Amino acid sequence: MNILDGKKISLDIKSEIKNCVLKNTKKGLRPPHLAAILVGNDGASLTYINSKIKSCDEVGYKSSLYHYNIKISEQELLEKIDELNSNEKIDGYIVQLPLPKHINQNKVINRISPLKDVDGFHPQNFGSMSQGFDSFIPATPHGIIELIERYEIKTSGKSCLVIGRSNIVGRPISILMSQKSKFGNATVTLAHSNTKNLIEISKSADIIISALGIPEFLKSNMVKKGVVVIDVGITRVKDLTKKKGYKIVGDVDFEGVSKKASYITPVPGGVGPMTIAMLLKNTLRARNF
Ligand code: GUN
């Protein structure tokens, strides 16, 4: 069993980005600037946003956080988005999801300028990605592809099971894994809550990417020997032995599944850090560096 060390690879990527920023700032160019909008005080969202901001500092980006009360109106939020779209000093920005129920998420995503949409959520970017055109690719699927690429895992002709059909992970990674490219070309099955006989499908899969959000859902009896497992789950589970009162648990029963897997991502330290690294990479692209 080999660990797909997202923490290590993300540090390599951040170091590459930092060098690129230095090279350009030495020429007198301003560094990339990433902004983030956060609504409310959801614990997990706060943690993600803080990591994203901290990573900006690490690579020499400027960052701005706009943190709003959960009661902000949809109109106020849309006005902030318009302002960020026209602010020439901001190269890219993200709106952390989920948003409170009174705000229409689709309306918000559609309002983001596709040129600054470093999350790759705008339909224009999502459509371009789906057709294999150059575009912003959502950070988590992008991070998964990058991990596969850097570990030179063969995907062509392999059977790949994606569990979960969210617009943030499941749907885009299913598209990328099936695309005609060196690290795609897989035969993809996209499973979701209505899928029947999941265990039959998972037992025959060469690659399993799980983005379900159910702690330790994937057990060793559900996979075959030699499987490649990418665990996107990051659920907080109460654990009073930890200082924070919780631990982070993936979708995969690591203890059991790792005994059969040829490659597996740990949680934490697998896909999570890759997501942030690829958001930084998308921001570099938005800055045209
Ligand atoms: N919520 C969970 N993952 C993400 C992400 O990648 N981007 C944003 N904006 N919100 C998220």
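Criteria and thresholds
- Residues numbered from 1 in each chain as written.
- Predicted model: local features only at pLDDT ≥ 70, side-chain atom pairs only at ≥ 80, totals over all residues.
- Heavy atoms only, no water.
- Near = heavy atom within 4 Å.
- Polar contact = N/O pair within 3.5 Å; in protein donor to acceptor, adjacent residues only side chain to side chain.
- Areas by Shrake-Rupley, 256 points an atom, 1.4 Å probe, with all protein chains shown as cover.
- Nonpolar A, V, L, I, M, F, W, Y, C, P; charged D, E, K, R; others polar.
- Helix = DSSP H or I, 4+ residues; strand = E, 2+ residues; numbered from the N terminus.
- Buried < 20%, exposed > 50% of the residue type's maximum accessible area, 1.4 Å probe, protein only.
- Contact = heavy atoms within 4.5 Å.
- Expected span 1.5 Å × (residues − 1).
- Pairing = 2+ DSSP bridges.
- Axes fitted to C-alpha atoms, helices over the stretch in contact; angles between N-to-C directions.
- Phe/Tyr/Trp six-rings, centres within 6.5 Å; stacked < 30°, edge-to-face > 60°.
- Lys NZ or Arg CZ within 6 Å of the ring centre and 35° of its normal.

A. Structural context of the site of the ligand. As a structural note, the neighbourhood of the ligand is formed by Lys 52, Val 95, Gln 96, Leu 97, Asp 119 and Phe 121. Contact between the ligand and Gln 96: a nitrogen atom at 3.3 Å from a side-chain N or O atom of the residue. Separating a nitrogen atom of the ligand from a backbone N or O atom of Leu 97 is a distance of 2.9 Å. Protein burial of the ligand: of its 280 Å² of free accessible surface, 85% is covered by the chains. Residue composition of the shell around the ligand, grouped by class: 3 nonpolar, 1 polar and 2 charged.

B. Fine view of the environment of Ser 220. Turning to its location among the elements, Ser 220 is positioned in the loop between strand E7 (207–210) and strand E8 (228–231). Its relative accessible area of 27% is what places Ser 220 among the partly exposed residues. Not counting residues within four places of it along the chain, the set of residues in contact with Ser 220 comprises Gly 256, Val 257 and Lys 260.

C. Geometry of helix H10 (residues 271–286). The terminal C-alpha atoms of H10, which comprises 16 residues, lie 23 Å apart, in line with the 22 Å expected from a rise of 1.5 Å per residue. Within H10, 13 of the 16 residues are buried, leaving the element largely enclosed by the surrounding structure. In the segment just after H10, Asn 288 is the residue with positive phi, at about 65°.

D. Focus on the sheet that holds strand E4 (residues 92–95). Spatially, 3 strands are ordered E3-E2-E4 in an open sheet, and the strand pairing comes out parallel. Both edges of this open sheet fall to strand E3 (62–68) and E4, since each of them pairs with a single strand only. Neighbour-to-neighbour, the strand axes of this sheet turn through a mean angle of 15°, independent of strand direction. As defined by bridge partners, strand E2 (residues 33–39) adjoins E3 across 7 bridges and the pair is classed as parallel. Counterpart to Val 39 in the pairing with E3 is Tyr 68. On the sheet, helix H2 (residues 43–59) packs against E2, E3 and E4 and is oriented at approximately 160° with respect to E3.

E. Here's a closer look at the packing of aromatic side chains. Counted according to the given criterion, the structure contains 1 aromatic pair. Note on Tyr 151 and Tyr 263: the rings are 6.5 Å apart at their centroids and 70° apart in plane angle, and the pair reads as edge-to-face. Note that Tyr 151 is positioned in the loop between helix H6 (139–150) and strand E5 (159–163) and Tyr 263 in strand E11 (residues 263–264), a separation of 112 residues in sequence. On the basis of relative accessible area, Tyr 151 is assigned to the partly exposed category, the value being 23%. Using a relative accessible area of 23% as the deciding quantity, one classes Tyr 263 as partly exposed. Looking at Lys 80, its charged tip hangs above the ring of Tyr 66, at a distance of 3.8 Å from the centre. If you follow Arg 285 out to its NZ or CZ, it ends over the ring of Phe 136, 5.3 Å from the centre.

F. Representation of the sheet that holds E7 within the structure. If you walk across this open sheet you meet the 6 strands as E1-E11-E8-E7-E5-E6, and the pairing is parallel. A single partner strand is all that each edge strand has here, and the edge strands are strand E1 (2–3) and strand E6 (187–191). With 5 bridges connecting them, E5 and E6 associate as parallel partners. Pairing of Ile 163 across the sheet is with Ala 191, part of E6.

G. How the structure looks around the pairing of E7. On E7, burial covers both faces: Ile 207 and Ile 209 on one face and Ile 208 and Ser 210 on the other are all buried. Where E5 and E7 come together, 4 bridges link them in parallel fashion. Each residue of the ladder has a partner; that of Val 162, found in E7, is Ile 209. As judged from the 4 bridges shared by E7 and E8, these two strands associate in the parallel manner. Pairing of Ile 208 across the sheet is with Val 229, part of E8.

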